[in-house]
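Coordinate analysis (summary)
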Amino acid sequence: MRIPFIAGNWKMNLSVKESVDFLKAIKGKLPDPKVTQTGIAASPLFLESMLENRGDMPLIIAAENCFYEDEGAYTGEVSPKALAEMGVTHVILGHSERRKYFNETDDIVNRKVQAALRNNLIPIVCCNETMSRRESTDRISWVVSQVTNALKGITTDQAAKIIIAYEPSWAIGSGQTASPQEAEEGCYLIRQTVADLYSDELADGVRVLYGGSVNDDNAQQILQQKDIDGALVGGASLKPDSFLGLANFLQNK
Ligand code: PGA
């Protein structure tokens, strides 16, 4: 059974103090992790204090990115080894903003996936889809190739741990969410690709999230789709109330 996962992605928002206030506000209000897992990906500046202030809350603390080497002369980069050492367990990789503003290619994403797994971090691998791709005939191959390239050299055991997010870039931060059918189509395609690369059984267990303008109002229809196992949430994860609304959606259903 795939346990749904609601993952916030704060991006370059909030301050250390605001992150602590956020944790105080959600304390005691998260769902049973056997029903829904919850997590927040935050700036590396906040992670240590968030890990400390999380206490015994069932909240996954994730990084928003890491480098593909464990250590070395890479000024300004974030070491996956150091993240794991400090107690971070998950890392978002290949987000469309990383691909767009920092020129991350499929090859770089693949190297980062390998580095994360090598350090026992669970990668949340993002696949994007621009509007022009969406309207073109190679839409399917575009999504398939991102998944295939991200998973190059990844063993079956490792692949079973990975979380993948379908994030159409036109829906991110735009308020224009994909329709439940469009979101399901993207997530289904990702699951089929994993099945082709590994096996139906493995694909059946891999969690696939949808991301792009998910909020309290549209979550219901999106989260009930067969191949959607949760959401990667930007804007609506910044406020405790809206994050809790999404986090507790299934428990309160
Ligand atoms: P959004 O961001 O929810 O603000 O659209 C989603 C994401 O970038 O993961």
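Shown above is the structure to which this text applies.
Reading the values: the criteria
Residues numbered from 1 in each chain as written. Predicted model: local features only at pLDDT ≥ 70, side-chain atom pairs only at ≥ 80, totals over all residues. Heavy atoms only, no water. Near = heavy atom within 4 Å. Polar contact = N/O pair within 3.5 Å; in protein donor to acceptor, adjacent residues only side chain to side chain. Areas by Shrake-Rupley, 256 points an atom, 1.4 Å probe, with all protein chains shown as cover. Nonpolar A, V, L, I, M, F, W, Y, C, P; charged D, E, K, R; others polar. Axes fitted to C-alpha atoms, helices over the stretch in contact; angles between N-to-C directions. Helix = DSSP H or I, 4+ residues; strand = E, 2+ residues; numbered from the N terminus. Parallel < 35°, antiparallel > 145°, perpendicular 65-115°, else oblique. Left-handed = near helix turned anticlockwise from the far one by under 90°. Contact = heavy atoms within 4.5 Å. Buried < 20%, exposed > 50% of the residue type's maximum accessible area, 1.4 Å probe, protein only. Arc of directions from axis to C-beta. Pairing = 2+ DSSP bridges.

What follows is about the site of the ligand. In the vicinity of the ligand lie 13 residues, with Lys-11, His-95, Glu-167, Gly-173 and Ser-213 positioned nearest. Between the ligand and Gly-173, the relevant distance is 2.6 Å, taken from an oxygen atom to a main-chain nitrogen or oxygen of the residue. Between the ligand and Ser-213 there is a distance of 2.7 Å, counted from an oxygen atom to a backbone nitrogen or oxygen. Isolated, the ligand exposes 280 Å² of accessible area, and the fraction of that covered by the protein chains is 95%. Its residues placed into classes, the shell around the ligand shows four nonpolar, seven polar and two charged.

When two helices pack together, you describe them by how their axes are tilted relative to each other and by the distance separating the axes. Contact geometry for helix 1 (residues 16-26) and helix 2 (residues 44-54): axes closest at 10 Å, N-to-C directions at 25 degrees. With respect to their mutual orientation, helix 1 and helix 2 come out roughly parallel. Seen from above, helix 1 lies across helix 2 with right-handed handedness. In this structure, helix 1 contributes Val-16, Ser-19, Val-20 and Leu-23 to the contact, and helix 2 contributes Leu-45, Phe-46, Ser-49, Met-50, Asn-53 and Arg-54. Of the residues belonging to the contact of helix 1 with helix 2, the class tally is six nonpolar, three polar and one charged.

Attention now moves to helix 12 (residues 240-247). Residues Phe-243, Leu-244, Leu-246 and Ala-247 constitute the buried set of helix 12. Down the axis, helix 12 shows its buried residues gathered within 160 degrees of arc, on one side only.

Turning our attention to the sheet that holds strand 7 (residues 207-211). Spatially, eight strands are ordered 1-2-3-4-5-6-7-8 in a closed barrel, and the strand pairing comes out parallel. Across the sheet, the axes of successive neighbouring strands diverge by a mean angle of 25 degrees, strand direction being ignored. Here five bridges tie strand 2 (residues 37-42) to strand 3 (residues 59-63), and the two strands are oriented parallel to one another. Residue pairing for strand 3: Ala-41 is matched across the bridge by Ala-62. Where helix 2 meets the sheet, it contacts strand 2 and strand 3, and its direction lies at approximately 165 degrees from that of strand 3. Packing of helix 5 (residues 106-118) onto the sheet brings it into contact with strand 4 (90-93) and strand 5 (122-129), and relative to strand 5 it is tilted by some 160 degrees.

Everything listed here is a matter of coordinates, which is why it stays silent on function.
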